[in-house]
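Fold and contact review
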Amino acid sequence: MRVSEIFHLPQRQSELDFVDVDVSTDVPVFVDPRAIRIQSGRLHDRCVALLQSFFAEVLIGLKDGKRAEVVKLLGRLDEPNEVHLGLSRGRSRGRGLGGVGAVSVVDALAASRAAQTGLLSDLEDSALLVEGIGRDIVSDITTNVVRSVLIDYTQEQCEYHRIPTEEVYAGWIWDADELRWKQVESFLPCIGDELLLLVPKSIVRLDLIFNPQKYYSKAIAPFHEEKEIKAGSNLVYALKSTGEKRVHKMDLIEKYGNTKAAVVKHTNEFPAALKIYKETPGMATSPPLDHNTLASKTHSMRPDFGSLLGRVRAISPGGHGASMYHRAVGELLAAVTYPFLGNMVVEDEINEGRKRIDLTYDNLADEGFFRFISRHYMASQMVVECKNYSKDPSNPELDQLLGRFSIHRTKFGIIACRKIADKQLFAQRCKDAALAGVGFVFYMDDDDLERLINDYDSSDGKFPFFREQFDYLVK
């Protein structure tokens, strides 16, 4: 049974922010540190700090020859059965570091030329450059190192969905300030006597983003091709249309190889390749798993947008329905904007708790409209204020949302309300704010939500409704 079934949640996987796992087995997806790193927002900041500090300690220990200390560091990584992710057959029985143990992982890292020559800098690099370390080991390490974030995340989800929790021993967490493991107790959900940790669907993938073969093809092969062309080797051919000299990648693979050992050798020969692979936009990225893939892997139903819209329309305008409207809009937006927006936070506190934002979504997009605004503007998040009014929003509502913007977070937001009679007037108010450099505000009433749904299948992340409003604001 899935989490949603056990706790009688009305939401489908598409409306849930976490992976709706079957607690009797494992869902065949993996926590990917690269998926965390290419995000932006609160989840990214906390997880990256933990991963960087932990792996730095591992590398320093290896460099200084302190093998026993590194084994102790990795030896604290428990089997993450409580997330129910991976490839266990039947009942979850996480094997811990891919079933090979901490000592074997330390031996693999220590023996790697990538570690010896300083090529390794991030945990995900080991999936490219260290023999014997693959998606299961990397996922296990990542899950354990970011456990403190997953504990907080699980508590937030339990509070939102009213899932009961109890005080339990929660295991070891990594302290990035003290650079050591600490044991903690916390309030978490349990199924029988087994602990449950929820994992954001934004950070899981079917396979790791960092892949040795893709790395060779995208980043290393161009260097080998250039070398072959300069040498005038027999691998070179000319395009009939332009005369441009080229080399087939399969010929390069046959000559140079693309195994992990070969990739390490190539990276030492062309040290710029790894930097190019990691830092070139779009080269080492992968979007979150879409609704259909997640539904298939969790054996759940696909989105029912009509039902989600019906829930919104059924709520009567006014203060008594404000909370229901807030939740209904949040879950509809979560479903219709995913996988471009995700990691929804409800009642997000800012300015040390002095202000709250109704809804906050991290910008996860690697294509489409939300990718465009994240590349050219401050848009690491999308913030939403929900107004269950029977009248048009005006300057006070606009000013409230603008007051939630920050140069460190985002300058994009949405005002969601029931009906805007004079959309031209409110659009002009939003344009005044944009031209003044304060930020970009979109509006959205019930009819606009319906348009978002109608555009869903054909927009492919372009979101023409938002794009039209943005074009109006900047022209």
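Residues numbered from 1 in each chain as written. Predicted model: local features only at pLDDT ≥ 70, side-chain atom pairs only at ≥ 80, totals over all residues. Heavy atoms only, no water.

Turning next to the nonpolar core. Phe-54, Leu-74, Leu-85, Leu-109, Leu-129, Val-204 and Tyr-215 are the most contacted members of the largest nonpolar core, which totals 91 residues. With ten residues, the top contributor of residues to this core is helix H3 (residues 42–63). The contact partners of Leu-85, leaving out residues within four places of it in the chain, are Val-19, Val-21, Asp-26, Val-27, Val-29, Val-31, Val-199 and Val-204. Among the nonpolar cores identified, the runner-up in size contains 57 residues, and Tyr-325, Ala-334, Leu-401 and Ala-427 belong to it. (Core = buried A, V, L, I, M, F, W, Y, C linked by side-chain atoms within 4.5 Å. Buried < 20%, exposed > 50% of the residue type's maximum accessible area, 1.4 Å probe, protein only. Helix = DSSP H or I, 4+ residues; strand = E, 2+ residues; numbered from the N terminus. Contact = heavy atoms within 4.5 Å.)

Counting all residues, the mean pLDDT for the protein chain is 91, and 96% of those residues have values of 70 or more. For the protein chain, strand E9 (residues 341–350) is the element with the lowest average pLDDT, namely 83, and strand E6 (residues 204–205) is the one with the highest, namely 97. This model gives residues 89–95 a pLDDT under 50, and the stretch forms 19 contacts once residues within four places in sequence are excluded. (pLDDT = per-residue confidence, 0-100.)

A word on the packing of aromatic side chains. Inspection of the entire model under this criterion finds 26 aromatic pairs. Between Phe-210 and Tyr-277, the ring centres sit 5.2 Å apart and the planes meet at 45 degrees, which makes this aromatic pair tilted. Here Tyr-277 lies in helix H13 (residues 272–279) and Phe-210 lies in the loop between E6 and helix H10 (212–231), a separation of 67 residues in the sequence. Comparing Phe-210 with Tyr-277, the two get one shared label, buried. (Phe/Tyr/Trp six-rings, centres within 6.5 Å; stacked < 30°, edge-to-face > 60°.)

Counting buried residues in strand E12 (residues 412–417) gives six out of six residues, a clear majority hidden from the surface. What you see with E12 is no split at all: Phe-412, Ile-414 and Ala-416 on one side and Gly-413, Ile-415 and Cys-417 on the other are buried throughout. With helix H18 (residues 395–402) bridging strand E11 (residues 381–387) and its parallel neighbour E12, the resulting β-α-β unit is right-handed. In this structure, E12 lies alongside strand E13 (residues 440–444), joined through five bridges in parallel fashion. Within E13, the position partnered with Ala-416 by the bridge is Met-444. With helix H19 (residues 423–435) bridging E12 and its parallel neighbour E13, the resulting β-α-β unit is right-handed. (Right-handed = clockwise from strand over helix to strand, strands pointing away. Pairing = 2+ DSSP bridges.)

Quick look at unusual backbone geometry now. Note: most residues except glycine have negative phi, and most peptide bonds are trans. In the segment running from Tyr-338 into Pro-339, the intervening peptide bond is cis, with an omega of 10 degrees. Among the secondary structure elements, Pro-339 is positioned in the loop between helix H16 (322–337) and E9. Phi at Arg-162 takes a positive value of approximately 60 degrees, unusual for a residue other than glycine. By secondary structure assignment, the location of Arg-162 is in the loop between helix H9 (147–161) and strand E2 (166–175). Positive phi is not limited to glycine here, since Leu-179 has a value of about 55 degrees. On the secondary structure map, Leu-179 appears in the loop between E2 and strand E3 (180–188). Look at Leu-179 and you get partly exposed, because its relative accessible area is 35%.

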